[in-house]
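# Structural description and commentary
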Amino acid sequence: MRTHIVWDWNGTLFHDMEAVLGASNAAFATVGLQPLSLQEYREQYEIPIPRFYQRLLGRVPSQAEWEALDGAFHDRYTQLSPACGLTEGVPELLTGWSAGPGRSQSLLSMYEHERLVPVVDAFGLTRHFLRVDGRTGASGGRKAGFLAAHLTALGPGLDPARTVLIGDAVDDAEAALESGIHAVLYAGGSHTRQKLEAVGVPVADSLAEAVALAGQLTG
């Protein structure tokens, strides 16, 4: 049985919080909300996304408002994200993990699959992963179902006790726990450390630390 890491993309391997914030503020403008600072965003953000918007609006957004919010976010993110890069140390961490005996890794993102794949490939990272899976279908939902399908697609050689998801959101940890695998959360992305620690899984301040914690969890 191999030891396996399932990586998240946005806010984890891909350091895109400036683009996410800019896109979110563009979305907020469609419903008259004031822009947030990065700290305010990280304190308020949650998944599923409609619940995040509900928190800010103080009510459930209408279908028309949700469509406007979602469309504005993705349009602006597409404009801003090309200026973003990888989180510090990513190429070396992925190379180092792959070089270890009995180790493997894959990538699962809630970013649209057809957009995710060429971005990952453009950074030269595809070769490190057994699979690269992005979201199919509507945006804004939870990761749990996608993770279950991702793990199934990886095949029977995967031992849940030796599998760790590394992500930056509470939803990442919740998805991992629902699938019976470990989780390590990275505090440099979409949530504050305080929000991540409330989940009860290990929290790391760097991806290097996250990988070290993953190794400890899997023995």
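The model shown is predicted, which means the values in this text are computed figures rather than measured ones. (Residues numbered from 1 in each chain as written. Predicted model: local features only at pLDDT ≥ 70, side-chain atom pairs only at ≥ 80, totals over all residues. Heavy atoms only, no water.)

## Structural notes on the pairing of strand 5 (residues 132-135)
The line we're drawing: Paired strands are those between which DSSP finds at least two bridges. Under the DSSP-based scheme used, a helix requires at least four consecutive residues in state H or I and a strand at least two consecutive residues in state E, with every element numbered from the N terminus. When the strands point away from the viewer, a crossover counts as right-handed if the route from the first strand across the helix to the second turns clockwise.
Pairing analysis gives 3 bridges linking strand 4 (residues 103-112) to strand 5, with the strands arranged parallel. What sits directly across from Leu-108, in strand 5, is Asp-133. The parallel pair strand 4 and strand 5 is bridged by helix 6 (residues 113-122), and the resulting crossover is right-handed.

## Focus: the pattern of salt bridges
For the record, the criterion: In what follows, salt bridge is the name for a side-chain nitrogen of Lys or Arg lying within 4 Å of a carboxyl oxygen of Asp or Glu.
Applying the stated criterion across every chain yields a total of 12 salt bridges. Here Arg-115 ties to Glu-112 by a salt bridge, and the two come within 3.3 Å at their closest N and O atoms. Here Arg-193 and Asp-205 are joined by a salt bridge, their closest N and O atoms 3.0 Å apart. Residue Arg-193 is found in helix 9 (residues 193-197), and its partner Asp-205 is found in the loop between strand 8 (203-204) and helix 10 (207-217); the two are separated by 12 residues along the sequence. Beyond isolated ion pairs, a larger network of salt bridges with shared partners links Arg-142, Asp-171, Glu-174 and Glu-178.

## Some thoughts on the sheet that holds strand 8
Worth spelling out the cut-off: Any two residues whose heavy atoms approach within 4.5 Å are treated as being in contact. Axis lines are fitted to C-alpha atoms, over the contacting stretch for helices. Their N-to-C directions set the angle, which ranges from 0 to 180 degrees.
Taken in spatial order, the 6 strands of this open sheet run 5-4-1-6-7-8, and their pairing is parallel. What marks the edges here is a single partner per strand, and that holds for strand 5 and strand 8. Packing against the sheet, helix 6 makes contact with strand 4 and strand 5, and its axis sits at approximately 130° to strand 4.

## With respect to the side chain of Gln-105
Stated precisely, the cut-off is as follows: When a residue's accessible area, from a 1.4 Å probe over protein chains only, is under 20% of the maximum for its type it is buried; when over 50% it is exposed; and in between it is partly exposed. Polar contact is defined as a pair of N or O atoms within 3.5 Å, subject to the rule that within protein one atom must be able to donate a hydrogen and the other to accept it, and that residues adjacent in sequence are counted only when both atoms are side-chain atoms.
Structurally, Gln-105 is set in strand 4. By relative accessible area, Gln-105 is classed as buried at 1%. Only 2.9 Å separates the side chain of Gln-105 from the backbone oxygen of Leu-94, close enough to count as a polar contact. Setting aside anything within four residues of it in sequence, one finds Gln-105 in contact with His-4, Ile-5, Trp-7, Leu-94, Trp-97, Ser-98, His-128, Phe-129 and Leu-130.

## Describing the environment of Glu-114
Locating Glu-114 in the fold gives a position in helix 6. Glu-114 sits in the exposed class, given a relative accessible area of 61%. The sequence separation of Glu-114 and Asp-133 amounts to 19 residues, and the corresponding C-alpha distance is 9.4 Å.

## Thoughts on the nonpolar core
Stated precisely, the cut-off is as follows: Put simply, buried Ala, Val, Leu, Ile, Met, Phe, Trp, Tyr and Cys residues joined by side-chain atoms within 4.5 Å make one nonpolar core.
Trp-7, Leu-13, Tyr-53, Leu-107, Phe-129 and Ile-166 are the most contacted members of the largest nonpolar core, which has 50 residues in total. Looking at this core element by element, the count peaks at 7 residues for helix 1 (residues 17-29). For Trp-7, the contacting residues outside a window of four places in its chain are Thr-12, Leu-13, Leu-94, Gln-105, Ser-106, Leu-107, Leu-108, Phe-129, Ile-166, Leu-207 and Val-211. Counting 19 residues, the second largest nonpolar core, distinct from the first, contains Val-6, Leu-151, Ala-183 and Ala-187.

## Structural notes on helix 10
Quick reminder of the rule: Note that the arc is defined by the directions from the helix axis to the C-beta atoms.
Buried within helix 10 are the following residues: Leu-207, Ala-210, Val-211, Leu-213 and Ala-214. End-on view of helix 10: buried residues confined to an arc of 160°, all on one side of the axis. In this fold, the buried residues of helix 10 make contact with strand 1 (2-7), helix 5 (90-99), strand 6 (158-167), strand 7 (182-186) and strand 8. Residue Gly-219 follows helix 10 closely and has a positive phi angle near 75°.

## Some thoughts on the side chain of Asp-172
Its place among the elements puts Asp-172 in helix 8 (residues 170-178). Relative accessible area serves as the criterion here: at 3%, Asp-172 is assigned to the buried category. At 2.9 Å, the side chain of Asp-172 and the side chain of Lys-143 are in polar contact.

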